[in-house]
Amino acid sequence: RSSLSVKGNKALFEVEEGQTKRVMLRDATQKAMFVINHEHKEVVVMPDQQPKGEGPNQERFRAELAEQLAKLPPEKRARMEQTMLAQQPAAAKKPVTTWEKKDGPARTVSGFSCVDYVIKRDGVVAGEGCFASWKDVGVPVKEYVAAMRVALPAEAQGEVDDMSAAPGLVVWRTRTLPGGTRSEMTLKSISGATQPAAKFELPKGYAQRTLSEVMNRGLPSQKP
């Protein structure tokens, strides 16, 4: 069981698995996820993955290149820029998601009336979903999409684009993952109620760790 709350530029994930509860806070401004470990009184910082080719080194390279190009005569600079543009790799094509309505009447899931669709990516079946109309859900699609842009990192923003184009809010869904694994999700409830700001603050006094520090904790030291 999991819950997601969003306020401003922060999203709080609370996940319960048996007796274990995990708490994660995402800050869209800092572009990072903070995993809160109450047992060890620490916060593990997990920055978003940088798009390929991005980062401080790439930014510095672009700045130095621009400086060198500015020193060239206009005609030569134009030829160089045109050559560099032609050598850039083509951007990865975003998969096209489509929704095909299934035969049959609407059904009820968690109190929501929804209609079943087959979900396809580039024409290949990627799962199924039961979608409730935004009017029946009671949460405007623009507010929901804006909240999910806060909650999800840059590499998952394509899913947010799909949400805004979908036939409604998915309240039940099956998904086929890489390797053939099948997952299932059911929405239990959704609300636009105001959340207290304190709920989205990191606990005071907790040590901040990197993921590598946590993974290496307890490993035997390597002697030369």
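Residues numbered from 1 in each chain as written. Predicted model: local features only at pLDDT ≥ 70, side-chain atom pairs only at ≥ 80, totals over all residues. Heavy atoms only, no water.

Peer 1: Would you explain the packing of aromatic side chains in this entry?
Peer 2: Two numbers describe a pair of aromatic rings. These are the distance of the centres and the angle of the planes. Here the structure, examined in full by the defined rule, presents 2 aromatic pairs. Consider the rings of Tyr-117 and Phe-131, whose centres lie 5.6 Å apart with planes at 90°: the pair is edge-to-face. Of the two residues, Tyr-117 is situated in strand β8 (residues 112-121) and Phe-131 in strand β9 (residues 124-132); the sequence distance between them amounts to 14 residues. Taken together, a centroid distance of 5.3 Å and an interplanar angle of 50° make the contact between Trp-134 and Tyr-144 tilted. Taken together, the positions of Trp-134 in helix α3 (residues 134-137) and Tyr-144 in helix α4 (residues 141-151) put the pair 10 residues apart, joining distant regions of the chain. In this arrangement the basic side chain of Arg-107 is found over the ring face of Trp-172, its NZ or CZ atom lying 5.0 Å from the centre. (Phe/Tyr/Trp six-rings, centres within 6.5 Å; stacked < 30°, edge-to-face > 60°. Helix = DSSP H or I, 4+ residues; strand = E, 2+ residues; numbered from the N terminus. Lys NZ or Arg CZ within 6 Å of the ring centre and 35° of its normal.)

Peer 1: Could you clarify how one ought to interpret the sheet that holds strand β12 (residues 207-210) in this entry?
Peer 2: In a beta sheet, neighbouring strands pair by backbone hydrogen bonds and run either parallel or antiparallel. Taken in spatial order, the 6 strands make up an open sheet running β1-β2-β3-β4-β5-β12, and their pairing is mixed. Edge strands, defined here as strands with exactly one partner in the open sheet, are β1 (2-7) and β12. When strand polarity is set aside, the average angle formed by the axes of neighbouring strands in this sheet is 25°. Across 6 bridges, the pairing between strand β4 (residues 32-37) and strand β5 (residues 42-47) is antiparallel. Within β5, the residue paired with Val-35 across the bridge is Val-44. (Pairing = 2+ DSSP bridges. Axes fitted to C-alpha atoms, helices over the stretch in contact; angles between N-to-C directions.)

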